[in-house]
Amino acid sequence: MADTNSSNDQDFVNSSNSLHFVNNSHLNELENDHLYHFGLSTSKDNLPAMFGDVKFVCCGGSPFRMEAFARFMQDELHMHLPAGLSLCNICSTDRYSMYKVGPVLAVSHGMGMPSISIMLHEIIKLVHYAKCTDVVFLRIGTCGGLGLPAGSVVITSEALDYKFEPCFELPVLGEVKSWPTHLSHDLAVEIQSCSSQDDGFETVVGKTLCTDDFYEGQARLDGAFCEYNDGDKMEYLHKAHESGVKNVEMESSCFAAMTNRGNITSGVICVTLLDRLQGDQVTTLKNDLRDWQERPQQLVARFIKKRLQEAEGKH
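Source: prediction; values computed, not measured.

## Some words on the packing of aromatic side chains
Across all of its chains, the model carries five aromatic pairs by this definition. Between the aromatic rings of Phe38 and Tyr96, the centroid separation amounts to 6.0 Å while the plane-to-plane angle is 75°, which identifies the pairing as edge-to-face. Within this pair, whereas Phe38 is found in the loop between β1 (34-35) and β2 (40-41), its partner Tyr96 is found in the loop between α3 (63-76) and β4 (98-101), the two being separated by 58 residues in sequence. Across the pair, Tyr96 and Phe38 agree in class, each one buried. For the ring pair Phe56 and Phe303, a centre distance of 6.1 Å and an interplane angle of 85° mean the geometry is edge-to-face. Here Phe303 lies in helix α8 (residues 286-313) and Phe56 lies in strand β3 (residues 56-60), a separation of 247 residues in the sequence. Both residues of the pair, Phe56 and Phe303, count as buried.

## A short note on the pairing of strand β10 (residues 203-210)
With six of eight residues buried, β10 lies mostly within the body of the structure. In terms of strand pairing, strand β7 (residues 153-160) meets β10 through six bridges, oriented parallel. Among the inter-strand pairings, Val153 is bridged to a residue of β10, identified as Thr203. In this structure, β10 lies alongside strand β11 (residues 245-249), joined through four bridges in parallel fashion. Bridge pairing links Lys207 to Val245 in β11.

## Some thoughts on unusual backbone geometry
Its identity is not glycine, yet Asp134 carries a phi of approximately 50°, on the positive side. Within the secondary structure layout, Asp134 lies in the loop between α4 (113-129) and β6 (136-145). A residue is classified by how much of its surface remains accessible, and Asp134, at 43% relative accessible area, is partly exposed. Of note in the backbone geometry, Phe164 takes a positive phi value of approximately 65° without being a glycine. Mapping Phe164 onto the fold places it in the loop between β7 and β8 (167-172).

## Considering the nonpolar core
Among the nonpolar cores identified, the biggest contains 41 residues, and Phe38, Met98, Ile123 and Phe137 are the most heavily contacted of them. Among the secondary structure elements, those contributing two or more residues to this core are α2 (47-51), β3, β5 (104-108), α4, β6, α7 (252-261) and β12 (265-275). The element contributing the most residues to this core is α4, with nine residues. Excluding residues within four positions of it along the chain, Met98 makes contact with Phe38, Leu40, Phe51, Cys88, Asn89, Ile90, Cys91, Leu105, Ala106, Val107, Ile123 and Leu126. Ranked by size, the runner-up nonpolar core spans 33 residues in total, among them Tyr99, Val153, Cys194 and Leu274.

Conventions adopted
Residues numbered from 1 in each chain as written. Predicted model: local features only at pLDDT ≥ 70, side-chain atom pairs only at ≥ 80, totals over all residues. Heavy atoms only, no water. Phe/Tyr/Trp six-rings, centres within 6.5 Å; stacked < 30°, edge-to-face > 60°. Helix = DSSP H or I, 4+ residues; strand = E, 2+ residues; numbered from the N terminus. Buried < 20%, exposed > 50% of the residue type's maximum accessible area, 1.4 Å probe, protein only. Pairing = 2+ DSSP bridges. Core = buried A, V, L, I, M, F, W, Y, C linked by side-chain atoms within 4.5 Å. Contact = heavy atoms within 4.5 Å.

Structure follows, in structure tokens:
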């Protein structure tokens, strides 16, 4: 296996105060870069004018959830549109959705690492072409917890693969490349500090197990296929828990690796829908699920407002 954890990659981890978002000299040869899955391009769209003020890129799996988050941020930032105007999806394709509320960009990424990888390639190029600075990327989502009550919020410290190693592997030209998946400790602590004892739920910082699959990859017994027993499942989940894993999902490793490569400060904030040490299926009532899914959004909104207030105080 080839390891691409170069010193340059390490230098860029968790620091997005420059324009070093991309590392691809071939982009300089393009007269027009068509961000196909967004329906945007460098020739027909004035990306600096459209997105140059973006400071927070918030992404989540569901396009409906990201639209709801954008509307929530409209209210939180008191950015109401004039009569006759409404919040609209900037993407002209049906692959992803994108909404802009002042300095906040809300983007859907679909489900799993292949889908979020495509989105991240294009959104990282977008903030590069838009000449954005000091951008923070945040993934807001749902997950399964390990040893935590359902409805808890987990802020990821580092993403682990199926071997419980903090790396993301990708075959490139027939050779497996590997990148680190550590996330900003300072950012995680700052976001956790935005929680309150009055929230009614626990907010913790911990490791996240990132898998390629929802069923067998996460040791579930309820998929269409299963060639292991409950004892095997519990042995694996307890081993993960003993390794410091607080939750399980399917995007954080790719998200951490790519934002690190792009010199972008980033964080992952997810709500647990169940404790996987107690079962496999999500049977929570719809209204409770909706309320739980809003918890990471509320925490991120507090963080964004705090950062904006601090920036305003400096001027």
